[in-house]
Amino acid sequence: MYTFQHQIRLEPRPPYDFARMISRLQGVGHELYRHDNGSLVRTIRVKNRVYGVSIRSEGSTLQPLLVADIAGIGSDEELMLVSGHLRRMLSLDADLDGLYDKLEQDDGLKVLADKYNGFRFILESDPFECMVKTIIGQQLNLSFAATLTRRLIETASEPFLIQGREQSYPVFPSPDQVANLKIEQLRALQFSERKAEYVIGFAQEVAQGSLIVEAAELEKLTNEELMERLIPLRGIGRWTVECFLMFGLGRPDLLPAADIGLRNALRNLYKLDHQPTEAEVRAIGANWSPWSSYITYYLWESLNEKGLHG
DNA sequence: TGCCAGGAATTGC
DNA sequence: GCAATTCATGGC
């Protein structure tokens, strides 16, 4: 049983639209987040210890300030590690000036510039969690993928308890916990046989130490090096690594051109009479560099906005 | 109801 | 090598 004993102030580089960022989490990927009176609450795992964090905004998009209450801190060093973890996870330091310049220069994309001013990635808490969730999300509608992820969490890990709070908070399972699951357990949760194999197989690689997924180590490698290293793993293809690089490591310039959601968003934006092919997406996005991830992210978000397209 | 879903592996030619 | 098929089930 833990309490929120520590508090830190986090000052994002403006603009920073925290309201839109947490609103996105209520739509998709809400397996781990709880919304409590405007605060975003979840657990994070840092160096194999679990903490509870409750984050709220005390500022505005142009003068942003976040306050985070932390539960589970055992030392000053841990508080520093958690603080750094949150800065990275919440994209506090990203400089997006160049992105908005690029959006304004494009007749099609400029509608995104105002609407998503200060809208940044909230990364997955750690690379292992990101990869597992991305594998689960392959080929499934987002709603069902979230259901499967939630069932995996409930099956494989113990929740985090906070004193004075009725609800407990889910903890994304460790590599060991996922590696020790049986295929049949995930089949019972309505995973396909292959998806169960992929998820457990990946976790076993990590648990055995044959695959390093520490963010600090992965940061040393280029996108291309990580593609070459990860795609040979069973169940991991190009799309999965692209998502991993975006949501796991915050790399700003990935174009997942085969992605169904991106293709549908571009069909809406440019009022095309067909879903563009992968090659057509590459042609449309040829000039997006070095902001392809962010433009893709904004276009994905546009799929949730009824007003932005017909 | 039937097709599609923010894919990947396998099979077939 | 590239195209077609299979995997599995919920969502709309």
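It should be noted that the structure appears before, not after, this text.
A short tour of the structure in this document, coming up. (Residues numbered from 1 in each chain as written. Chains lettered and ligands numbered in written order. Predicted model: local features only at pLDDT ≥ 70, side-chain atom pairs only at ≥ 80, totals over all residues.)

**Considering unusual backbone geometry**
- For the peptide bond that leads from Pro 14 to Pro 15, omega is -5 degrees, which places it in the cis range.
- Here Pro 15 lies in the loop between strand 1 (4–10) and helix 1 (18–27).
- Of the consecutive residues Ser 289 and Pro 290, the connecting peptide bond is found in the cis state with omega at 5 degrees.
- One non-glycine residue with positive phi stands out, namely Asn 37, at about 55 degrees.
- Looking at the element boundaries, Asn 37 is found in the loop between strand 2 (34–36) and strand 3 (39–46).
- For Asn 48, which is not a glycine, the phi torsion comes out positive at approximately 65 degrees.
- Checked against the element boundaries, Asn 48 lands in the loop between strand 3 and strand 4 (49–57). (Helix = DSSP H or I, 4+ residues; strand = E, 2+ residues; numbered from the N terminus.)

**Examining the nonpolar core**
- Val 132, Val 199, Phe 202 and Tyr 298 are the most contacted members of the largest nonpolar core, which totals 77 residues.
- By residue number, the principal contributor to this core is helix 9 (residues 193–208), which donates 7 residues.
- Aside from chain neighbours lying at most four places away, what touches Val 199 is Val 132, Ile 135, Ile 136, Val 178 and Leu 186. (Core = buried A, V, L, I, M, F, W, Y, C linked by C-beta atoms within 7 Å. Buried ≥ 20, exposed ≤ 12 C-beta atoms within 10 Å, placed from the backbone. Contact = placed C-beta atoms within 7 Å.)

**Considering the protein's contact with DNA strand B**
- Surrounding DNA strand B, one finds 20 residues, the nearest of these being Gln 139, Gly 237, Trp 239, Thr 240 and Gly 261.
- Counting residues per element, the ones that place at least two in the surface near DNA strand B are helix 12 (238–248) and helix 13 (260–269).
- Of the residues assigned to the surface near DNA strand B, the class counts are 8 nonpolar, 9 polar and 3 charged. (Near = placed C-beta within 6 Å. Nonpolar A, V, L, I, M, F, W, Y, C, P; charged D, E, K, R; others polar.)

**Things to note about the protein's contact with DNA strand C**
- In the region of DNA strand C, the neighbouring residues are Gln 139, Leu 140, Asn 141, Ser 143, Phe 144, Thr 147, Gln 190, Ser 192, Glu 193 and Arg 194.
- For the surface near DNA strand C, the secondary-structure elements that each account for two or more residues are helix 6 (142–156) and helix 9.
- By residue number, the principal contributor to the surface near DNA strand C is helix 6, which donates 3 residues.
- Of the residues contributing to the surface near DNA strand C, the split by class is 2 nonpolar, 6 polar and 2 charged.

**A short note on the sheet that holds strand 3**
- Taking strand neighbours across the sheet as the criterion, the 5 strands line up as 1-5-4-3-2 in an open arrangement whose pairing is antiparallel. Of all the strands in the sheet, the pair left with one neighbour each is strand 1 and strand 2. Adjacent strand axes in the sheet meet at a mean angle of 30 degrees, parallel and antiparallel pairs treated alike.
- Note: strand 4 against strand 5 (residues 66–71), 6 bridges, orientation antiparallel. Bridged to Ser 54 within strand 5 is Asp 69. (Pairing = 2+ DSSP bridges. Axes fitted to C-alpha atoms, helices over the stretch in contact; angles between N-to-C directions.)

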